[in-house]
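Below, each chain spelled out in residue letters.
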Amino acid sequence: MTTDIPTPENAAAGARYARHARLSFIGQAGQEKIEKSSVLIIGCGSLGCAQAAFLARAGVGRLTLADRDTVQAPNMATQLLYDEIDLLERAPKAEAAVRRLRTINSGIAIEPVVADISAANIDPLVDKADLILDATDNFETRFLINEAAVKAGKPWIYGGVLGTDGMAMAILPGRGPCLRCLFALPPPESRLPPPDAFGVLSTAAVWVAALQTTQALKALACGGADWGRMHTLDIWNGTVTTAEVPRDPACPCCGDAK
Ligand SMILES: [Zn+2]
C-alpha cells in the first residue's frame, strides 16, 4: 500500500503530514510539536476560515474557534468554510466551521465557542491556548486579545484585511512590541472605513491569513517567528513591505511601568 493514500491508518502514522515534516525547517520534531499544540482563533470570518483550514490540515492538535455571528449571504464570497446549507440554516459560524473542519481532519480536537468575546470570557480561552490568531474585524477585540495575551505571556498573531490591503504581525510579550506599542489607543471609528461599504477581496484575506498562519507554524514548530515585524501587503498590486515595530517602554499595556 502506498503511504500517500490518506487512510485513517496512514493519518495515524503521520503520513498525511509528511510534506510539512519533510521541510527542513519544520522536520519531524517540529511537526510533532505542531500536533501537540493548541491554537485559539478569534473570529470565523474570511481570515478565520482560512487560518482554521490551514491549521487543521497541518495537524494542530487542538483548535478552538470563537465567533458570535451566523452565516449570512455577504459572507459567502470570502469565507471559505461555509456552504449554502449553512447559509439557509443561518448556522452559527463557529459551529458550521467546526463541522466542516471535522470532515477535513477527524484526528484533531476542534471546539466551537459561539459567543461574543469580551473581558468576561477571554482569559480562560487564552490560558488554555499555546497561541492566539486574530481573525477579528475590530480594534476593540484586538485590544482585548492583546491585553489577555500580554497578561498570560502567550504569543499571538495580529492581522487585518480591507479591500485588497492587509497587515500581519507576530507578537510575543516580552520579546518585542505588543499591539499597543503600535496603537496606544484604538484608531477612532471615524477614521476606519466601514468594511461592509469598503468590501474585501477574498484573495487578500487568504494572503493575510497565510502570512499569519505561517508565523503561527513557525512559532509552534520552531519557537520563533518574525516578532515585531509588520508585513503590509496589497494583493491587487502584488506588493509586500515589512517594517520593524519598536517596543514602546511607555506602552500602556507592556511598558516598563506595568
Ligand atoms: Zn506594548
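Before going into details, it helps to say that this report is about the structure given with it. (Residues numbered from 1 in each chain as written. Predicted model: local features only at pLDDT ≥ 70, side-chain atom pairs only at ≥ 80, totals over all residues. Heavy atoms only, no water.)

Description of the side chain of Asp 234
In this structure, Asp 234 sits in strand 7 (residues 229-234). Of the side chains with opposite charge, Arg 142 comes closest to the buried, unpaired Asp 234, at an N-O distance of 17 Å. At a separation of 3.1 Å, a polar atom in the side chain of Asp 234 contacts the side chain of Thr 164. Engagement of the side chain of Asp 234 in a polar contact is seen with the side chain of Asn 237, the distance being 2.7 Å. Setting aside its immediate chain neighbours within four residues, Asp 234 contacts Thr 164, Asp 165, Trp 207 and Thr 239. (Helix = DSSP H or I, 4+ residues; strand = E, 2+ residues; numbered from the N terminus. Buried < 20%, exposed > 50% of the residue type's maximum accessible area, 1.4 Å probe, protein only. Lys, Arg positive; Asp, Glu negative; His and termini not counted. Salt bridge = Lys/Arg side-chain N within 4 Å of Asp/Glu carboxyl O. Polar contact = N/O pair within 3.5 Å; in protein donor to acceptor, adjacent residues only side chain to side chain. Contact = heavy atoms within 4.5 Å.)

Let's talk about the packing of aromatic side chains
Aromatic ring pairs are defined here through the distance separating the ring centres and the angle between the ring planes. Across all of its chains, the model carries three aromatic pairs by this definition. Pairing Trp 156 with Tyr 158 gives two aromatic rings, centres 6.4 Å apart and planes at 80°, and the pair type is edge-to-face. Classification of Tyr 158 by relative accessible area gives buried; the value is 3%. An aromatic cluster is defined as three or more aromatic residues linked by ring pairs; in this entry it consists of Phe 139, Phe 143 and Phe 183. When the ring centre of Phe 139 is taken as origin, the NZ or CZ atom of Arg 142, which lies over that ring, is 5.1 Å away. (Phe/Tyr/Trp six-rings, centres within 6.5 Å; stacked < 30°, edge-to-face > 60°. Lys NZ or Arg CZ within 6 Å of the ring centre and 35° of its normal.)

Let's talk about unusual backbone geometry
Of note, Arg 90 is a non-glycine position whose phi angle comes to about 50°, a positive value. Here Arg 90 is to be found in the loop between helix 5 (84-88) and helix 6 (93-104). Overall, the relative accessible area of 43% leaves Arg 90 in the partly exposed class.

A closer look at the nonpolar core
Residues Val 39, Leu 63, Leu 65 and Leu 81 are the most contacted members of the largest nonpolar core, which totals 51 residues. Counting residues per element, the ones that place at least two in this core are strand 1 (38-42), helix 4 (46-58), strand 2 (62-66), helix 6, strand 4 (131-134), strand 5 (156-162), strand 6 (165-171) and helix 11 (202-222). Counting residues per element, this core draws most heavily on helix 11, which supplies ten residues. Aside from chain neighbours lying at most four places away, what touches Leu 63 is Val 39, Ile 41, Ala 52, Leu 55, Ala 56, Ile 108, Ala 109, Ile 110 and Glu 111. (Core = buried A, V, L, I, M, F, W, Y, C linked by side-chain atoms within 4.5 Å.)

Remarks on the coordination of the zinc ion
The protein atoms that coordinate the zinc ion are Cys 178 (SG), Cys 181 (SG), Cys 251 (SG) and Cys 254 (SG), at distances of 2.3 Å. With four donor atoms in place around the zinc ion and angles of 96 to 126° between them, the coordination shape is tetrahedral. Donor residues for the zinc ion sit on one chain with the sequence pattern C-x2-C-x69-C-x2-C. As far as the burial class goes, Cys 178 and Cys 181 line up, both buried. (Donors = N, O, S within 2.8 Å, 3.2 Å for Na, K, Ca; no water. Tetrahedral: all angles 85-135°; square planar, octahedral: opposite > 155°, others 65-115°.)

Examining the pattern of salt bridges
Enumeration over the complete set of coordinates arrives at ten salt bridges. A salt bridge links Arg 100 to Asp 83, with the nearest nitrogen and oxygen atoms 2.9 Å apart. Taken as a pair, Arg 100 in helix 6 and Asp 83 in the loop between strand 2 and helix 5 lie far apart in primary sequence, 17 residues in all. Measuring nitrogen to oxygen at the nearest pair gives 2.9 Å for the salt bridge that ties Arg 247 to Asp 256. The network of salt bridges with shared partners includes Arg 68, Asp 69 and Asp 116.

Examining the environment of Arg 62
Mapped onto the secondary structure, Arg 62 falls in strand 2. Between the C-alpha atoms of Arg 62 and Ile 108, which are 46 residues apart in sequence, the distance is 6.0 Å. Once you skip the residues sitting within four places of it in the chain, Arg 62 turns out to touch Ser 37, Ser 38, Val 39, Ala 109 and Glu 111.

Describing the packing of helix 3 (residues 27-35) against helix 11
Relative orientation and spacing of two packed helices are given, respectively, by the angle between their axes and the distance between those axes. At their nearest, the axes of helix 3 and helix 11 sit 7 Å apart, and the two run at 105° to each other. Looking at the two axes, helix 3 sits roughly perpendicular to helix 11. Judged by residue contacts, Gly 30, Lys 33 and Ile 34 of helix 3 engage Leu 217, Leu 220 and Ala 221 from helix 11. Classifying every residue of the contact of helix 3 with helix 11 gives four nonpolar, one polar and one charged. (Axes fitted to C-alpha atoms, helices over the stretch in contact; angles between N-to-C directions. Parallel < 35°, antiparallel > 145°, perpendicular 65-115°, else oblique. Nonpolar A, V, L, I, M, F, W, Y, C, P; charged D, E, K, R; others polar.)

Quick notes on the packing of helix 4 against helix 11
Direction vectors running N to C along helix 4 and helix 11 enclose 45°, while the axes themselves pass 8 Å from each other. The angle between helix 4 and helix 11 falls in the class oblique. With respect to the hand of their crossing, helix 4 and helix 11 are arranged in right-handed fashion. Where helix 4 approaches helix 11, its residues Ser 46, Leu 47, Ala 50, Gln 51, Phe 54, Leu 55 and Ala 58 are matched on the opposing element by Ala 205, Val 206, Val 208, Ala 209, Ala 210, Gln 212, Thr 213 and Leu 217. In the contact of helix 4 with helix 11, the residues fall into eleven nonpolar, four polar and no charged. (Left-handed = near helix turned anticlockwise from the far one by under 90°.)

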